Each structure stands twice: as structure tokens, then as C-alpha cells.
Amino acid sequence: RLFIRTYGCQMNVYDSERMRDLLVPLGYEPADAPEGADLVILNTCHIREKAAEKVYSELGRLKPLKAEKEASGGQMTITVAGCVAQAEGAEIQRRAPVVDLVVGPQTYHRLPELIAKVHRDRGEALETEFEVEEKFDALAAPKRLVEGYTAFVTVQEGCDKFCSFCVVPYTRGAEYSRPAAQITAEVRALAAQGVREITLLGQNVNAYSGEAPAGEEAGGRWGLARLIRHLAMIGGIDRIRFTTSHPNDMDEDLLAAFATEEKLMPYLHLPVQAGSDRILKAMNRKHTAADYIALIERLRTLRPDIALSGDFIVGFPGETDADFEDTMRLIEEVTYAQAFSFKYSPRPGTPGADLPLQVEEAVKDERLQRLQALLGEQQAAFAASRVGSTMDVLVEKPGRHAGQRVGRSPWLQPVIVDEKAGEIGDIVSVRITKAGPNSLFSEPA
Ligand code: 5AD
Ligand code: SF4
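Residues numbered from 1 in each chain as written. Chains lettered and ligands numbered in written order. Predicted model: local features only at pLDDT ≥ 70, side-chain atom pairs only at ≥ 80, totals over all residues. Heavy atoms only, no water.

A. Just the packing of helix 10 (residues 252-260) against helix 12 (residues 289-302), in detail. Two elements in contact, helix 10 and helix 12, have axes separated by 8 Å at closest approach and are oriented at 35°. Residues Glu-252, Leu-255, Ala-256, Phe-258 and Ala-259 of helix 10 touch helix 12, and the partners they reach there are Leu-295, Arg-298, Leu-299 and Leu-302. Here the contact of helix 10 with helix 12 is built from residues that sort into 7 nonpolar, no polar and 2 charged. (Axes fitted to C-alpha atoms, helices over the stretch in contact; angles between N-to-C directions. Helix = DSSP H or I, 4+ residues; strand = E, 2+ residues; numbered from the N terminus. Contact = heavy atoms within 4.5 Å. Nonpolar A, V, L, I, M, F, W, Y, C, P; charged D, E, K, R; others polar.)

Here you go:
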């Protein structure tokens, strides 16, 4: 039995599914709890302190389960995968000797071999493996077991931006784009299994620059817009999204795709992090608040119904009250349909961690509260603005109450639909009757 717990971003969700797909053919059966499992994988996140600390407390909870398994004559192999594994390596073993195996995000395709070695070496030293290999070659023809009608597809990994607060360029490494032909084959196979909506994933997805398919432009490369136009021609794929993007990589071709590609959903997650030029500079974002606002204006001209989502950090070192007010002003100017916001967390090894003028926790708390109140209001206003309108919803799963199903709006909002409106997997047209705190309610249109 195999139990995988996933922390952090959608890329980790994708990686966990690929680990499962690698291990199921070896006889592992997915389980939904760690009790009694033969193999437990924690696919970890290092983006903020809390995310990493959660891993250690989970390892503490696994310890008695491992002892129990051993007492009953079995073995529980505990693996730490993902970004904490990459960043802390052997430190994990020191802090948590219960761990048998540590694998970074670039090497998970070697899990079967590494696990076999743990079995051989039972009782011997920890195996740590961080070599960066051609992960995607090993996954060139992935057999994916998809559940449902939506799927993530990793098209790009790593990041060369080096924002001064961020561990990603260190844990996920340099930018790498998968060849377009490989992605196309994966999406075709997903479509054949019934998938209708794909979300293209990358730490810096709009910097995508993958090898063009053979016979196209020899030796040429495709950007994200070209890839989207190609994937939009695959029968069965009706909705395309991508995440996460950097403002400086929103090229004209990609902006234009929002105007011309009907299958590209009118929703963009485009983090700005802060609204003060001084702080943006210290963050090494390489754009100003005005650059970002101009980009959003251009996007709204091209696709008037586009909704924005963002990420914000409060309390970056040196952030003054005036800097914070700049962020609040930017939010008011842009207006977001959704957003994620965080208190700055110094990450060891990043330039931000060594900056003077770290902001006090109480100040961060207060700023975060104000920021989240504003973003919450905007999210509610966006939801309320849909009431009375008609939209297409992809029905994804049964609802909590009898007679209901839950789907997604083009703007990623959960929509409650009557089961008579359509089957799971259908895209149905509904009229929005009410906006609740977490979802929209509807009637068949
Ligand atoms: N502290 C707080 N938030 C962070 N993020 C990334 N690194 C940090 C950090 N050190 C946030 C950014 C990023 C999101 C995924 O996580 O807003 O866009
Ligand atoms: Fe991190 Fe995103 Fe900046 Fe890359 S672009 S360093 S992933 S915040």
C-alpha cells in the first residue's frame, strides 16, 4: 500500500500523481491514509517556513505508525520528496531518523530503483539522490491514470528569475521546457481518456520555450502562445488554462491569444507581490507597479471579461507603511477576482533573508489582515457581479447535498448546479442565481 501526502503547489500535485503512476505498476495500491502503508511519501514544499515545519510534525506522527508496522512484521518505508528534500537533504535524516529515503523534485522518476535499494540495504545508511537528470525523458511517454475531466500538465519547470525572497530557483533549478511534441502526445492521451480541461503548469510557465515538433520549424522553439494554439486543436479539449506567470514574460503573442483563442479561459494568475517600486526593486522583480498596471489594461482591452488573480507578500525587509499603502492602492486599481497573500518568510540561502530591516511580526500580521480584507471584498464583489449572468460550467463532481453537482466557472469559481442540468463531465450553460461565500448557485439556463 502506498500513501502520498502532498504539500504546496499544483506542480507538487502533478508530481505526486506521476510518482503514483510510476509505483502502481510495481504493485503498490494507493491508500488514503498512512496507517499500515508499506510506502509513505511526503511530497514537500519549502516556499514558506510553515510549509517546511509541517513536514517535520507529520514525520513525528508517522513514527509510531512505522513502529506498529514493524511490530506486526512489516516495513514502512518513509520517503521525503519535493522541495524540502532538495533544500535540506541530509539535514532531514538528522532531524528525523525515521526517514528512509530523500528524493529531490528532479529525481523522482528514479523512485522505483531507489526504493528497491532501500529494501536491499534495510538498516543501512540513508540514500540521498539529487542528481539532476533528464527527468522528462524518463517520463516521455507517461502512462497517466487520470481521474475526472480536468488535468494538470507540466510544460515547464524551474525558474531563472531569482526574486530575492524565493527558494524556487534553488529547489527546482534552472528553467527547462518540455518539447512541444511530448506535451502534445500527453494531452492527446488525456483527451482520449475523457479530459476536457487542461491546466499547463510551470513555475514560470509563460517563459515556456520548448523544442518545436519535428517537421515544423527545424530546430525552432515554440513559446507558450504557439503551444496553446496547437493544443486547442486537439479534439475533446475544450478549456485551457496556465499557471504561474511572471509579468515580464507576458509577450504580445500570449496577450493576443486571450483575444483569439476561445478555449483559453478568461482568467489569469499574474502575481505582482507588491505595489511599491522600491520594494519591487528590492525583490528583484525587474518591473514597476506602472508596468504591471499597463499590462493589465492591455489585457482587459483584448479580453474584456478577463479576471485576475495574484500573489502578495507583506512585510518584505524594509517595507514601510508608505510602501504597504502602495500595495493597497495597486490592488484597488487592478481589482482581483482571487488572490493569495502571505507574510514574508525569510528563506535560508535567498538574498532577502540577509537584508537588514526585517519587519516585525506584529506589523506583518496587521498588514496582512488589512490586505486580506480588501482582497476578500474584491472576491465577493466579483462573485456578486456574476449573479443574473449565464455561463458555461464544467460539471466535475457530486455536490454535498442530494440532487446537486459541483462544477467550475470559466473564472475557476465553484458553481453548484442541479443534477438535472447535466452529467459529470458535461459543460452546461447555467444562469447564476446567488453568490455564496465560497461558490455560486445556479439554475439551468
Ligand atoms: N515568503 C512569503 N511568501 C513567499 N512566496 C514565495 N516565497 C515567499 C517567501 N519567502 C509567495 C509568493 C509566490 C507564492 C507562490 O508564494 O507570493 O508568488
Ligand atoms: Fe520564485 Fe516566481 Fe520569482 Fe521564480 S518568478 S523566483 S518562482 S517568485
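Still more ground to cover, so stick around.
B. Spotlight on the site of ligand 2. If you check the shell around ligand 2, you find Cys-159, Lys-161, Phe-162, Cys-163, Phe-165, Cys-166, Val-168, Pro-169, His-246 and Arg-285 and nothing else. Taken together, the residues of the shell around ligand 2 break down into 7 nonpolar, 1 polar and 2 charged. (Near = heavy atom within 4 Å.)

C. Here's a closer look at the nonpolar core. Of all hydrophobic cores here, the largest spans 67 residues; its most connected members are Ile-198, Leu-200, Leu-227, Phe-242 and Tyr-336. Ignoring anything within four residues of it in the chain, the contact list for Phe-242 reads Thr-199, Leu-200, Val-205, Leu-224, Ile-228, Leu-254, Phe-258, Leu-264 and Leu-268. The next biggest cluster of nonpolar side chains, apart from the first, holds 23 residues, and it includes Cys-45, Tyr-56, Val-80 and Val-99. (Core = buried A, V, L, I, M, F, W, Y, C linked by side-chain atoms within 4.5 Å. Buried < 20%, exposed > 50% of the residue type's maximum accessible area, 1.4 Å probe, protein only.)

D. Region of the structure containing helix 13 (residues 321-334). In a regular helix each residue adds 1.5 Å, so 14 residues correspond to 20 Å; helix 13 covers 20 Å between its end C-alpha atoms and thus fits that length. Within helix 13, burial applies to Asp-323, Phe-324, Thr-327, Met-328, Leu-330, Ile-331 and Val-334. What you see down the axis of helix 13 is that its buried residues fit within an arc of 155°, all on one side. Within helix 13, the exposed residues directed more than 90 degrees away from the buried face are Asp-321, Ala-322, Arg-329 and Glu-333. Those residues of helix 13 hidden inside the fold are in contact with helix 11 (277-282), helix 12, strand 14 (307-314) and helix 14 (361-385). Taken from the residues just after helix 13, Thr-335 is the one with a positive phi, measuring 60°. (Expected span 1.5 Å × (residues − 1). Arc of directions from axis to C-beta.)

E. The site of ligand 1, seen in detail. Every residue lining ligand 1 is accounted for by Ile-47, Arg-48, Phe-165, Gln-273, Asp-311, Ile-313, Phe-342, Lys-343, Tyr-344, Ser-345 and Arg-347. Within the contact set of ligand 1, an oxygen atom lies 2.9 Å away from a side-chain nitrogen or oxygen of Arg-48. Separating a nitrogen atom of ligand 1 from a backbone N or O atom of Ser-345 is a distance of 2.8 Å. Out of a free accessible area of 400 Å², ligand 1 has 87% covered by protein chains. Listed by contribution, the elements that provide at least two residues to the shell around ligand 1 are strand 14 and strand 15 (338-343). Within the shell around ligand 1, the residues separate by chemical class into 5 nonpolar, 2 polar and 4 charged. (Polar contact = N/O pair within 3.5 Å; in protein donor to acceptor, adjacent residues only side chain to side chain. Areas by Shrake-Rupley, 256 points an atom, 1.4 Å probe, with all protein chains shown as cover.)

F. A look at the sheet that holds strand 15. Here we have 3 strands laid out as an open sheet, ordered 13-14-15, and parallel in their pairing. Each of the sheet's edge strands pairs with one partner strand only, and the pair in question is strand 13 (267-269) and strand 15. On average, each strand axis in the sheet is inclined to that of its neighbour by 10°, with strand direction left out of account. Against the sheet, helix 14 engages strand 14 and strand 15, with an angle of about 175° to strand 15. (Pairing = 2+ DSSP bridges.)

G. Seen up close, unusual backbone geometry. Residue Thr-243 is joined to Thr-244 through a cis peptide bond whose omega torsion reads 0°. Take Thr-244: it is sitting in the loop between strand 12 (239-243) and helix 10. Although it is not a glycine, Leu-357 adopts a positive phi angle of roughly 60°. As for its placement among the helices and strands, Leu-357 is situated in the loop between strand 15 and helix 14.

H. Examining the side chain of Ser-309 more closely. Assignment of secondary structure puts Ser-309 in strand 14. The contact partners of Ser-309, leaving out residues within four places of it in the chain, are Tyr-267, Leu-268, His-269, Leu-270, Pro-271, Tyr-336, Gln-338 and Phe-340.

I. Representation of the pattern of salt bridges. On inspection of all chains with the given rule, the structure shows 33 salt bridges. Lys-117 is paired through a salt bridge with Asp-121; the nearest N and O atoms lie 2.7 Å apart. With Lys-117 and Asp-121 both in helix 5 (residues 111-121) and 4 residues apart, this pair spans about one turn of that helix. Residues joined in a network through salt bridges with shared partners are Glu-17, Arg-18, Arg-20 and Asp-21. (Salt bridge = Lys/Arg side-chain N within 4 Å of Asp/Glu carboxyl O.)

J. Just helix 12, in detail. With 14 residues, helix 12 should reach 20 Å at 1.5 Å per residue; the first-to-last C-alpha distance of 20 Å fits that figure. Within helix 12, the full set of buried residues consists of Ala-289, Tyr-292, Ile-293, Leu-295, Ile-296 and Leu-299. One face of helix 12 carries all of its buried residues, which in axial projection span an arc of 155°. Exposed side of helix 12, more than 90 degrees from the buried face: Ala-290 and Thr-301 are the residues found there. Tucked into the core, helix 12 has its buried residues touching helix 10, strand 13, helix 11, strand 14 and helix 13.

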